[in-house]
Amino acid sequence: MQAVALEGVTKRYGAETVVAGVDLAIPAGEFFTLLGPSGSGKTTTLSMLAGFVQPDEGRVMMGGRDMTRVPPRGRGLGMVFQNYAIFPHLNVAENVAFPLSVRGAPKAEIESRVAEALAMVKLTGFEKRYQRQLSGGQQQRVALARAIVGHPAVVLMDEPLGALDKNLRYHMQVEIKDIQQRLGMTVIYVTHDQEEALTMSDRIAIMERGRIAQMGPPREVYEKPESSFVAAFLGEANLLPVTPEGAAARGPGGALIQAGAGSLPGKGGLAFIRPEKLSITAGLADAAPNALPGRVLHASFLGNTMRYEVEVEPGRSVLCDTANAAGAALHAPGADVTVSWNAADSRFLAG
Amino acid sequence: MPLGRLPAWLLLAPALLLLLGMFLVPIGWFLVASLQELGSLAEILEEADAVLLSGAVGGALINTLWISAVVTALVLVIGYPVSYAMSRASGLAFTLLLLCIVLPYFTSTIVRTYAWMVLLGRNGLINQLLLGLGLVSEPVQLLYNRTGVIIGMTYVLLPYMVLTLYAAMKAVDMRLLQAAESMGATPLQVFARVFMPLTLHGVVAGVLITFILALGFFVTPALMGGPGDMMIAMLIEREVELTQNWPGAALMTIVLLVVTLILYGLYSRFTTDEKGAMP
Amino acid sequence: MMGPVLRATLLKALVVLLAFGLLAPIIVVAIASFSGDGYLKFPPETFSTRWYARFLGDARWRSAIVNSVFIGLMTSALSTFLGFLTAYAMLRGNFRFKKVLASLLLTPVIVPHVITAVAVYFLSARLGVVGVRPWIAVAHTVVALPVVLVILQSALRTVDPALERAAMVCGCTRWGVFRRVVLPLAFPGIVSAALFSFLTSFDELVISIFLAGIRSETLPVRIWNSLLLEVEPTIAAVSTLLIAVTSVALGVDAVLRRVRG
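Worth saying up front: this structure is predicted, and the values here are computed from it rather than measured.

1. As for the overall build of chain A
Of the regular secondary structure elements, chain A holds 8 helices and 21 strands. When its C-alpha atoms are laid out on the principal axes, chain A stretches across 80 × 45 × 35 Å. Within chain A, buried positions represent 40% of all 351 residues. Put simply, 65% of the contacts in chain A that link residues at least 6 apart link residues at least 24 apart.

Printed below as a string of structure tokens:
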């Protein structure tokens, strides 16, 4: 069953269209992420789901009901806000109890539910603290507990981990994911952090200028981008300009390039290939498909990988990541090398 | 949660009604009805010519401008070092300075005026001091003349200047002054070429607000001034209370109102930041 | 050329002198009010509370206290209520003419009080409401409203709109958001606003002179009327009372600020 759906939802502010005809269908229990740069319309989309913003066109459906004109309080959602939005005049227990006490739940039920929610976010014992006495990570947990305390079918999360440092963020990613699976919640998650989106989501919708550029499971959108925007937004991407020649194409230095998927318009486009799919060998090899001779410009040590920037044509270089495995050969800057890849790992994209 | 257009106007309605009914409409009605008593536009202009250029009104206008200008200058000269000290002070020193400004600021004008009447009287503290130090041989007349008006108004208006200047000076980044010093500027150069230009907008705002408030002053000059210190606001009150000369009062009101609003317009341009000190 | 230490010391001395000069007149009045002498003299030779006795023993002064307090409380309630609605709408509202409206709401402090007073008197005389205390409170509200607005806008600015959204998602109606979130968070600011609007009315003189009539003399009007005749020591006692009220209000506000953090 579909927990949430958007049907042709459009929002304009004056002459500017912020969300343009977005269609979404999110099945119950899915962890769904709206990913995009700032200004792509992801936050406005979430605001329309929450009911803070009314769409100009289209419908917002939840559990099969039309919720377009229903105010936020009638939607039965949980929500985690960007800066947590902990009520500073209430303590932790009162904050978490808030959605229940507003709806007039019996006292005993409130107490047991609050205890359960606090246990779930590992904040038992913090009941009497106030916001100013909590660290950023603890505030995040309070916000999470408040969002799940009423067992809502759908929880919205607006960049909930944006303010945390890297280490803590990783821990919270795991915990949020864990709680979501235990409670079987549908989560709609907004972020601009592509790594976070890839780690947590069942499906990702990448938004660009008010539209959904591509939607699918993390691995699919990462490895099979359908546009150069998606390719470049999700991680590092090499995008080589090519001109079509039969089923294949000619790239830098006239090299023959074959791709596993995608197609090129007549006037030419781009060949997409991830840096970690490139292999690098010493010396200039003979001409072969999907092999580019070049010279190492920079070699950077990134810990678990080595990143090489290889100039394959004057003014054009490709990135190549190699695992820092035992016995891996190193290439010094200035060395002649050849980079090559499997046709199946690359795609042709329209420019 | 942003408000829609309709709820916002509903919330604003009571205050707007009050402003309309107790401020804008009365002022408009008073001016229009009073001037209509005079007859046609030509007759109004003739009367305006006669009233505004008469000795009494003309004199009061000149007094008003002169007193306001002198008071504003004095307030600036006294207020500048105090504000500077306040913007650089912290802890107890700051609290004490703030108290010295804020307690008078929120004390009734008439109480503050009365306090100076006590100090400046023939047997007041000031005269006793002057006599005791042998600076004068008999009590000096400090009250019921121009000196009294200027001392009283300077005292009453000083907090407005200090709070405006303080806001501007507090906003100056101290590191800029240190940077100038590190480039070899003398303290005087740091002040003249960095601090002054950065606080100039505060000075302009403070001067304008002090001058605007001085123009409409009524209580202090009425109690501390002599017969020769009639200011325009006092004259308006007198026309209404004593002679019931509404048209005359209306003409003078228009002059005072127009000057005030023009200066307020200027003031608003210098305080785009709404955090600035409020009168 | 002066040394930097000398210059700093001179500046400090000057500031101390000026700051003391600002506070001194108020202190002098307070001390003089306890004088036991027959006429105003500073420093007093003997001390007593005779001027307070005379002040509180006089029926006209007593009724002036009642009038001032009554009008002050009404002004405070009215302007705080109107000011809260207005400040909230100005902060969260999304409408045209916002800037124009903001300056318009502040004009009553800028326009000389004499003009407001004469105009409201003109209106009141025609309506036959000169000397009616609630009417005086309404007129005071016009000049108290800008004060309230400045205080409440800065208080409400600290209420994060995300908190209001959070409350809505949690099931609150607009009124619920108001009662459970906005009101408690803005409470110290509301108390400050009520205090300072009371003070504005309690100290107001010019509008009161015109509107008080004989029936509703407030304390400042009564001081004004006696000062026009002579500088008598009873007024020192009355002034000290007004100063005390101001000091208490400032003290309470300072405590509230600390609570607000």
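Moving on, there is more to tell.
2. Some details on the overall build of chain B
In terms of helices and strands, chain B carries 12 helices and 0 strands. Its helices and strands taken in sequence order, chain B reads α-α-α-α-α-α-α-α-α-α-α-α from the N to the C terminus. The principal-axis extents of the C-alpha atoms in chain B amount to approximately 70 × 70 × 30 Å. By the burial criterion, 45% of the 279 residues in chain B qualify as buried. Relative to all contacts within chain B whose residues are 6 or more apart in sequence, the contacts with residues 24 or more apart total 77%.

3. Topic: the interface of chain C and chain A
A common way to report how large an interface is uses the accessible area buried once the components associate. Taken residue by residue, the interface counts 15 residues in chain C and 16 residues in chain A. Secondary structure elements with two or more residues in the side of chain C that touches chain A: α7 (161-169) and α8 (174-203) of chain C. Per-element tally for the side of chain C that touches chain A: the top contributor is α7 of chain C, with 6 residues. Residue classes in the side of chain C that touches chain A are distributed as 10 nonpolar, 3 polar and 2 charged.

4. Details of the pairing of strand β7 (residues 154-158) of chain A
Residues and elements named next belong to chain A. With 5 of 5 residues buried, β7 is to be regarded as a mostly interior element. Neither face of β7 is left uncovered, since the one carrying V154, L156 and D158 and the one carrying V155 and M157 both have all their residues buried. Here 5 bridges tie β7 to strand β8 (residues 186-191), and the two strands are oriented parallel to one another. Within the sheet, the bridge partner assigned to M157 lies in β8 and is Y189. In this fold, the crossover linking β7 to β8 by way of helix α5 (residues 166-183) has right-handed handedness.

5. Quick notes on the sheet that holds strand β16 (residues 279-282) of chain A
Residue and element names in this part refer to chain A. Taken together, 5 strands build an open sheet; the order of strands is β16-β20-β17-β18-β19 and the sheet is antiparallel. Two strands bound the open sheet, and with one partner strand each, they are β16 and β19 (316-323). The sheet shows a mean angle of 45° between the axes of neighbouring strands, taken without regard to direction. With 8 bridges connecting them, strand β18 (residues 305-313) and β19 associate as antiparallel partners. Bridge pairing in β19 places M306 opposite T322.

6. What about the pairing of strand β11 (residues 238-245) of chain A?
Residue and element names in this part refer to chain A. Pairing of β11 with strand β15 (residues 269-273) involves 5 bridges; the strand directions are antiparallel. If you follow P241 over to β15, its bridge partner there is L270. Bridge analysis of β11 against strand β12 (residues 248-250) gives 3 bridges, and the strand direction is antiparallel. Bridge assignment links E245 to a residue of β12, and that residue is A248. The antiparallel pairing of β11 with β12 creates a hairpin that spans 2 residues between the two strands, and G246 there sits at a positive phi of about 65°.

7. Looking at α7 of chain C
Along α7 of chain C, 7 of the 9 residues are buried, which leaves the element largely enclosed by surrounding structure. Buried residues of α7 of chain C: L163, E164, R165, A166, A167, M168 and V169 of chain C, and no others. Next to the buried residues of α7 of chain C lie α1 (42-50) and β6 (77-80) of chain A together with α8 of chain C. Directly beyond the C-terminal end of α7 of chain C, a positive phi value near 110° is found at G171 of chain C.

8. Focus: the sheet that holds strand β1 (residues 2-13) of chain A
Residue and element names in this part refer to chain A. In spatial order, the strands read β2-β1-β4-β5; together these 4 strands make up an open sheet with antiparallel pairing. Edge positions in the sheet fall to β2 (16-27) and β5 (65-66), since each has one partner strand and no second. Two elements, β1 and β2, share 8 bridges in a ladder whose sense is antiparallel. Each bridged residue has a counterpart across the sheet, and for R12 the counterpart in β2 is T17.

9. Overview of the interface of chain B and chain C
Contacts between the two partners involve 66 residues from chain B, matched on the other side by 70 residues from chain C. Here the side of chain B that touches chain C takes 15 residues from helix α1 (residues 5-36) of chain B, the largest share from any one element. Of the residues belonging to the side of chain B that touches chain C, the class tally is 54 nonpolar, 9 polar and 3 charged.

10. A look at the environment of V138 of chain C
Inspection of the secondary structure puts V138 of chain C in helix α6 (residues 133-157). Sequence separation of V138 of chain C and A77 of chain C is 61 residues, and the distance between their C-alpha atoms is 10 Å. Apart from the residues lying within four places of it in its own chain, the contact partners of V138 of chain C are M22 of chain B together with L78 of chain C.

11. Regarding the confidence of the model for chain B
Residue and element names in this part refer to chain B. Counting all residues, the mean pLDDT for chain B is 89, and 95% of those residues have values of 70 or more. Considering only residues more than four positions removed or in separate chains, one finds that residues 273-279, a stretch of pLDDT under 50, has 12 contacts. Across the predicted assembly, pTM comes out at 0.86 and ipTM at 0.90.

12. Section: unusual backbone geometry
Excluding glycine, residues mostly have negative phi values, and the peptide bonds linking residues are mostly trans. Residues and elements named next belong to chain A. Look at H151: it is not a glycine, yet its phi comes out positive at around 45°. Structurally, H151 is set in the loop between α4 (136-148) and β7. The exposure class assigned to H151 is partly exposed, which follows from the 14 C-beta atoms found within 10 Å. If you check the backbone angles, N290 has positive phi at about 55° while not being a glycine. Residue position: N290 is located in the loop between β16 and β17 (291-301). A residue is classified by how many C-beta atoms lie within 10 Å of it, and N290, with 21 of them, is buried.

13. What about the nonpolar core?
Membership of the largest hydrophobic core comes to 269 residues, with the highest contact counts inside it found for V96 and I188 of chain A together with V118 of chain C. The dominant element in this core, judged by the number of residues it contributes, is helix α7 (residues 146-170) of chain B, at 17 residues. Looking at which domains feed residues into this core, each of domain 1 (2-223) and domain 2 (236-350) of chain A supplies at least three.

14. Focus: the packing of helix α3 (residues 59-92) of chain C against α8 of chain C
Residue and element names in this part refer to chain C. Where α3 meets α8, the axes come as close as 8 Å, and the angle between the chain directions of the two elements is 135°. Taken together, the axes of α3 and α8 are oblique relative to one another. As α3 packs across α8, the resulting crossing turns out to be right-handed. Where α3 abuts α8, its residues S68, I71, G72, L73, T75, S76, S79, T80, G83 and F84 lie against I190, A193, A194, S197, F198, S201 and F202. Here the residues of the contact of α3 with α8 are counted per class, giving 8 nonpolar, 9 polar and no charged.

Criteria and thresholds
- Residues numbered from 1 in each chain as written.
- Chains lettered and ligands numbered in written order.
- Predicted model: local features only at pLDDT ≥ 70, side-chain atom pairs only at ≥ 80, totals over all residues.
- Helix = DSSP H or I, 4+ residues; strand = E, 2+ residues; numbered from the N terminus.
- Buried ≥ 20, exposed ≤ 12 C-beta atoms within 10 Å, placed from the backbone.
- Contact = placed C-beta atoms within 7 Å.
- Nonpolar A, V, L, I, M, F, W, Y, C, P; charged D, E, K, R; others polar.
- Pairing = 2+ DSSP bridges.
- Right-handed = clockwise from strand over helix to strand, strands pointing away.
- Axes fitted to C-alpha atoms, helices over the stretch in contact; angles between N-to-C directions.
- pLDDT = per-residue confidence, 0-100.
- Core = buried A, V, L, I, M, F, W, Y, C linked by C-beta atoms within 7 Å.
- Domains from an automatic or database assignment.
- Parallel < 35°, antiparallel > 145°, perpendicular 65-115°, else oblique.
- Left-handed = near helix turned anticlockwise from the far one by under 90°.

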